[in-house]
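One letter stands for each residue in the lines below.
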Amino acid sequence: MKIRAVQFSPRLGDVPANLATHRHHVEEASRAGVELVVFPELAISGYHLMDLAEELALTPMSPEFAELASLSKATALITGAPFEATPGRITNSALCFADGELRHRHDKVQLPNFGMFQETMIFAPGTSFRTFLLGGFRIGILVCREILFPIFPYLYSLQRADLVVAISNSPHRGLGPEGFASTGLWETMGTTCSLFFCQHFLFVNRTGFEEGLGFPGGSFFARAGQGIETRAPQLDEATIDVELSLDEVRRARLAGNYLRDENPELALREIQRILHERDR
Amino acid sequence: MNEIDSATVTAVLTRFIADAVAKTGHRGAILGVSGGLDSAVVLALAARALGPAGVTALLLPYRMSAPESARHGRNLCQQLGVECHEIDISPQIDAYFARFPAEPRMLLGNKCARERMSILYDHSVRRQALVIGTSNKSELLVGYSTLFGDSAAAIQPIGDLYKTQVFSLALHLGIPAEIIAKQPSADLWPGQTDEGELGITYRELDEILFQLVDRRLSPAQVVALLDLPAERVARVRQRIVRSQYKRTMPPVAKLSNRTVGLDFRYLRDLAR
């Protein structure tokens, strides 16, 4: 499967402009034979929405929703948007469109709400981590902070996901002598998923600024069993193209045999015991 | 104190300045250049971000400012290729204080800072240039600034860098040695220095601030870690607390269901 990650700077609140960027990249990817185009978290709207969320949230009846679906007739796409499936309940959602319709939706479960983050003031949390099929690949989607909880890509591993697509709006922070500490967080988890869960792992982060918050990009691809292979530049808009196969996933699983030897039933029993004893 | 990766900081801050100018629809940037370190660093960043032709520097000396300050500012503008204008603010300052004497001396400093702000915003409109601030994290945290004076600007590119980190960045940016070497000063009267007024060196102040703010240590932990007198750390902490009003917008008294500043919430760089 040929996949293109689009690292760009969405304009806050300017849905028509962001949609035009989507159209441009999907059409260009289609001409290049790309089968899936991935955009960052909240690429339709920008990140720090506050009161804009209720003004901009997409619904299944929105013209923007119809346009994204229509674009996917040529090439499938994954993007992020505020989404209002139930009136009055807005989620931070990843939407996968393919063959002219919505193939899958993942509502962000882990909404950061500390320091500079205020997502629970805006969004209702998602409730599950389900996989879906696209082009023969089983795919799971993570949105930003979900990547930092190893249990979530593990849930996809249990469902035999071949590819995890992680879309993000991560601002840089933790300045030190080697750049920003935040960069290492994502690469560490991407490497872990690739090596130990034997998944292909694509991380797509945005660039640009919203007031003082800067988004560094730094999108990357980690091949199943191989670790990080391709990196987009820091700070600037860019695309990266990757080509991946199911055979690589199979070989990665056979090399480490983590999938064969894991024991989720035991883990589940132990988690239940631990929670029971801890909460007594 | 955290060392910084000056190349990364430069890459981020130049993009930050260019982004703000573009988003707000201005043609360029304008800032007050004092001949000191902070404005020199911001001027160099702005010149890199927008090209020298996109930046206007205003030198705004008062008659008691050190003569070398304006000279250092002019030399820097020449080195960077930035257009520079000098406006002596003495007549308008002296006209005011002829009616209302400047007692205590701090009033003179505040008036000069607000006069400079007023001139910068006037020229901002004339030139369609965004006013770029030059406050650093050390002075923002202890409130060493004049409210609606030097603290007034559209953006603060170096507001998350301590003074000692600004020194590192200045070396990276090739700021002339004559600016880096001199004592930091608000230059409001002869012999004035920041460290003299604050009663502490920047090296020590920044270390205390870094531990209290960035590392979230308690004052007692900072005293133990840095082996400092407890009252010195307490004084810094008190300055932070007492100057919080300078770092926030004025509160609006809530009456309705939706109140500006409380529950009418939008970012300022809304691109529509």
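For the structure itself, look to the data block above.
Residues numbered from 1 in each chain as written. Chains lettered and ligands numbered in written order. Predicted model: local features only at pLDDT ≥ 70, side-chain atom pairs only at ≥ 80, totals over all residues. Heavy atoms only, no water.

### Observations regarding the interface of chain A and chain B
Opposite the 27 residues of chain A that make contact, chain B presents 24 residues. A buried area of about 2200 Å², summed over both sides, lies between chain A and chain B, and 60% of it is on carbon and sulfur atoms. The interface formed by chain A and chain B contains three salt bridges. A salt bridge links A:Asp51 to B:Arg258, with the shortest nitrogen-to-oxygen separation between them at 2.5 Å. For the pair chain A and chain B, the interface holds nine residue pairs in polar contact (both at pLDDT 80 or more). For the side of chain A that touches chain B, the elements supplying multiple residues, two or more each, are helix 2 (52-56), strand 9 (175-176), strand 10 (179-180) and strand 12 (207-210) of chain A. In terms of residues, the side of chain A that touches chain B owes the most to one element, helix 2 of chain A, which gives three residues. (Contact = heavy atoms within 4.5 Å. Buried area = accessible area lost by both parts, 1.4 Å probe. Salt bridge = Lys/Arg side-chain N within 4 Å of Asp/Glu carboxyl O. Polar contact = N/O pair within 3.5 Å; in protein donor to acceptor, adjacent residues only side chain to side chain. Helix = DSSP H or I, 4+ residues; strand = E, 2+ residues; numbered from the N terminus.)

### Considerations on the sheet that holds strand 1 (residues 28-32) of chain B
All names here are of chain B. One open sheet accounts for four strands, arranged 3-2-1-4; its pairing is parallel. With partners counted over all chains shown, the strands left at the sheet margins are strand 3 (83-86) and strand 4 (129-131), one partner each. Recorded for the sheet is a direction-independent mean angle of 25 degrees between the axes of neighbouring strands. Pairing between strand 1 and strand 2 (residues 55-59): four bridges, direction parallel. When the bridges of strand 2 are listed, Leu31 appears paired with Ala57. Packing against the sheet, helix 2 (residues 37-50) makes contact with strand 1 and strand 2, and its axis sits at approximately 170 degrees to strand 1. (Pairing = 2+ DSSP bridges. Axes fitted to C-alpha atoms, helices over the stretch in contact; angles between N-to-C directions.)

### Points about the packing of helix 10 (residues 202-214) of chain B against helix 11 (residues 219-226) of chain B
All names here are of chain B. Close contact between helix 10 and helix 11 brings their axes to 10 Å; oriented N to C, the two are set at 135 degrees. The orientation of helix 10 with respect to helix 11, classified from their angle, is oblique. The crossing of helix 10 and helix 11 is right-handed. Taken together, the residues of helix 11 that come into contact with helix 10 (itself represented by Glu207, Ile208, Gln211 and Leu212) are Pro219, Val222, Leu225 and Leu226. In terms of residue class, the contact of helix 10 with helix 11 is built from six nonpolar, one polar and one charged. (Parallel < 35°, antiparallel > 145°, perpendicular 65-115°, else oblique. Left-handed = near helix turned anticlockwise from the far one by under 90°. Nonpolar A, V, L, I, M, F, W, Y, C, P; charged D, E, K, R; others polar.)

### A word on helix 5 (residues 106-127) of chain B
Residues and elements named next belong to chain B. Here helix 5 spans 31 Å end to end across 22 residues, near enough to the 32 Å set by a 1.5 Å rise per residue. Tucked inside the fold, the buried residues of helix 5 contact strand 1, strand 2, helix 4 (90-99) and strand 4. Immediately beyond the C-terminal end of helix 5, within one or two residues, lies Gln128, with a positive phi of roughly 50 degrees. (Expected span 1.5 Å × (residues − 1).)

### Description of the pairing of strand 14 (residues 220-223) of chain A
Residue and element names in this part refer to chain A. Side-chain alternation along strand 14 places Phe220 and Ala222 on one buried face and Phe221 and Arg223 on a second face that is also buried. Bridging between strand 11 (residues 200-205) and strand 14 involves three bridges; their strand directions are antiparallel. From the neighbouring strand, Leu202 faces strand 14, where its bridge partner is Phe221. Of the pairings in the sheet, the one linking strand 14 to strand 15 (residues 227-231) comprises four bridges and is antiparallel in character. Across the sheet, residue Ala222 finds its bridge partner in strand 15, namely Ile228. Between strand 14 and strand 15, which pair antiparallel and follow one another directly, the connecting turn spans three residues, one of which, Gly225, has a positive phi of 80 degrees. (Buried < 20%, exposed > 50% of the residue type's maximum accessible area, 1.4 Å probe, protein only.)

### Points about the packing of aromatic side chains
Under the counting rule described, the total for this entry stands at 17 aromatic pairs over all chains. Pairing B:Phe264 with B:Tyr266 gives two aromatic rings, centres 5.0 Å apart and planes at 65 degrees, and the pair type is edge-to-face. Taking relative accessible area as the criterion, B:Tyr266 reaches 23% and is therefore assigned partly exposed. Taken together through their ring pairs, the aromatic side chains of A:Phe129, A:Phe149, A:Phe152 and A:Tyr156 make up a single cluster. For the cation-ring pair, A:Arg206 lies above A:Phe215, with the distance from its terminal atom to the ring centre recorded as 4.2 Å. It is B:Lys111 that lies over the ring of B:Tyr96; its NZ or CZ is 4.2 Å from the centre. (Phe/Tyr/Trp six-rings, centres within 6.5 Å; stacked < 30°, edge-to-face > 60°. Lys NZ or Arg CZ within 6 Å of the ring centre and 35° of its normal.)

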